[in-house]
Amino acid sequence: MQRLVDGAAALGICLTTKQQAAFQFYYQELVAWNQKFNLTAITDYEQVQIRHFLDSLSCLLAEEVRQVLNRPEARVIDVGTGAGFPGLPLKLVCPGFSLTLLEATGKKVLFLDHLIGQLGLQRVSAIKARAEELAHDLSHREQYDLALARAVGELPVVVEYTLPFCRIGGWVVAQKGEAGAAEAWSASQAITLLGGELYRVMPVELPGLPEDRSLVIIKKVSSTPPNYPRRPGIPSKRPLGKRG
Ligand code: SAM
């Protein structure tokens, strides 16, 4: 896990021996399960450390994320988490907060349940559901301090999946590529409609990753209208009004 350890140090995160062992186990299980289920296209040891683990941890570069994750009463949801990114690496580094991993594909949820059990993680649950449905369940709607999403779609779709989960005063942080600022601008109507306010876009450079990344940080400022998110499949088929 040397690439991860060095990269995390560059982000200001010092990984303990126990945390390194947990990431090593995560890697082994990811690769083993990937032979049966298609969990990820990235399986190379170094690339998983950089593109999955370190990239997930880069959310901690945002002060808004650090403040939430360091509060033990905080509730965080990772929407479209796949094999657990970015939620699980963040939980391994900041164990206090309560984490919901939301994923539509059953086999990925099986993998997540296996990891949660084997790693003995507390206050983490994996839910098999679509965001468009779970966000209308009152035990999840507007209940979270932070909603995370990486590689789940274009920004107007991502905000329709995530903003309904955030309480007023909470945050959405979407991990994006170098075009994050342009995407944020083109999603501004959708953000406003769903009760959000574009707070800032933070460029991110990761050691070992040639392409630039960004964090789109959105604040929830008013309640999401009850008819959002729309029915399953509609947000991605008909993304909310894009600008420009
Ligand atoms: N976030 C992970 C990552 O960065 O590696 C997974 C990214 S993968 C490209 C997108 C994931 O989002 C898939 O596992 C898919 O099943 C899930 N997904 C897509 N739409 C969803 C929805 N509406 N509700 C829940 N999960 C969804």
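Here, the structure is the one placed above.
Cut-offs and rules
Residues numbered from 1 in each chain as written. Predicted model: local features only at pLDDT ≥ 70, side-chain atom pairs only at ≥ 80, totals over all residues. Heavy atoms only, no water. Helix = DSSP H or I, 4+ residues; strand = E, 2+ residues; numbered from the N terminus. Rg over C-alpha atoms; globule rule 2.2 N^0.38 Å. Buried < 20%, exposed > 50% of the residue type's maximum accessible area, 1.4 Å probe, protein only. Contact = heavy atoms within 4.5 Å. Lys, Arg positive; Asp, Glu negative; His and termini not counted. Charge placed at Lys NZ, Arg CZ, Asp CG, Glu CD. Expected span 1.5 Å × (residues − 1). Pairing = 2+ DSSP bridges. Axes fitted to C-alpha atoms, helices over the stretch in contact; angles between N-to-C directions. Near = heavy atom within 4 Å. Polar contact = N/O pair within 3.5 Å; in protein donor to acceptor, adjacent residues only side chain to side chain. Areas by Shrake-Rupley, 256 points an atom, 1.4 Å probe, with all protein chains shown as cover. Nonpolar A, V, L, I, M, F, W, Y, C, P; charged D, E, K, R; others polar. Phe/Tyr/Trp six-rings, centres within 6.5 Å; stacked < 30°, edge-to-face > 60°. Right-handed = clockwise from strand over helix to strand, strands pointing away.

Caption draft 1: Quick look at the overall build of the chain. Each helix and strand in the chain was counted, giving eleven helices and seven strands. In terms of C-alpha radius of gyration, the chain reaches 17 Å, essentially the compact-globule figure of 18 Å for 244 residues. For the chain, the residues scored as buried account for 55% of the 244 residues in total. For the chain, the proportion of contacts with a sequence separation of at least 24, taken over those separated by at least 6, is 71%. Where the 27 positive side-chain charges of the chain centre and where its 24 negative ones centre are 5 Å apart.

Caption draft 2: Expanded view of helix 2 (residues 17-34). With 18 residues, helix 2 extends 26 Å between its outermost C-alpha atoms, agreeing within 8% with the 26 Å of an ideal straight helix rising 1.5 Å per residue. Buried within helix 2 we find Gln19, Ala22, Phe23, Tyr26, Tyr27, Glu29, Leu30, Trp33 and Asn34. Packing partners of the buried residues in helix 2 comprise helix 1 (2-10), helix 3 (45-57), helix 5 (87-93) and helix 6 (106-118).

Caption draft 3: Expanded view of the environment of Val201. Along the chain, Val201 falls in strand 6 (residues 196-204). With residues near it in sequence (within four places) discarded, Val201 still touches Gly180, Ala181, Ala184, Ser214, Leu215 and Val216.

Caption draft 4: Quick peek at the sheet that holds strand 7 (residues 213-220). Across the sheet, seven strands lie side by side as 3-2-1-4-5-7-6; this open sheet has mixed pairing. For this open sheet the edge positions go to strand 3 (124-128) and strand 6, each flanked by a neighbour on one side alone. Here the strands of the sheet are splayed against their neighbours by 20 degrees on average, with no regard to which way each runs. Across three bridges, the pairing between strand 1 (residues 75-79) and strand 4 (residues 144-150) is parallel.

Caption draft 5: Broad picture of the site of the ligand. Around the ligand, the structure places 15 residues, and the nearest of them are Gly80, Phe85, Glu103, Glu132 and Arg150. One of the backbone N or O atoms of Ala104 is found 3.3 Å from a nitrogen atom in the ligand. Contacts to the ligand include Lys108, whose side-chain N or O atom sits 2.9 Å from an oxygen atom. The fraction of the free accessible surface of the ligand (590 Å²) that becomes covered by protein chains is 79%. Per-class residue counts for the shell around the ligand are six nonpolar, four polar and five charged.

Caption draft 6: Here's a closer look at the packing of aromatic side chains. Per the counting criterion, the structure on display carries nine aromatic pairs. Judged by centre distance (5.1 Å) and plane angle (45 degrees), the rings of Tyr26 and Phe53 are tilted. Linking Tyr26 in helix 2 with Phe53 in helix 3, this pair joins segments that are 27 residues apart in sequence. We note that Tyr26, like Phe53, is buried. Aromatic side chains Tyr27 and Tyr45 sit 4.9 Å apart centroid to centroid with 65 degrees between the ring planes, which places their arrangement in the edge-to-face category. With Tyr27 in helix 2 and Tyr45 in helix 3, the pair connects residues that are 18 residues apart, well separated along the chain.

Caption draft 7: Spotlight on the pairing of strand 2 (residues 98-103). Among the six residues that make up strand 2, six are buried, leaving the element largely enclosed by the rest of the structure. Side chains of strand 2 alternate between two faces, with Ser98, Thr100 and Leu102 and Leu99, Leu101 and Glu103 buried alike. For strand 1 and strand 2, the ladder comprises five bridges, and the chain directions are parallel. Directly across from Val76, in strand 2, lies its bridge partner Leu99. Between strand 1 and its parallel partner strand 2, the chain crosses via helix 5, and the hand of that crossover is right-handed. Here strand 2 runs beside strand 3; their pairing, made up of five bridges, is parallel. Among the inter-strand pairings, Leu101 is bridged to a residue of strand 3, identified as Ala126. One crossover worth recording links strand 2 to the parallel strand 3 by way of helix 6, and it is right-handed.

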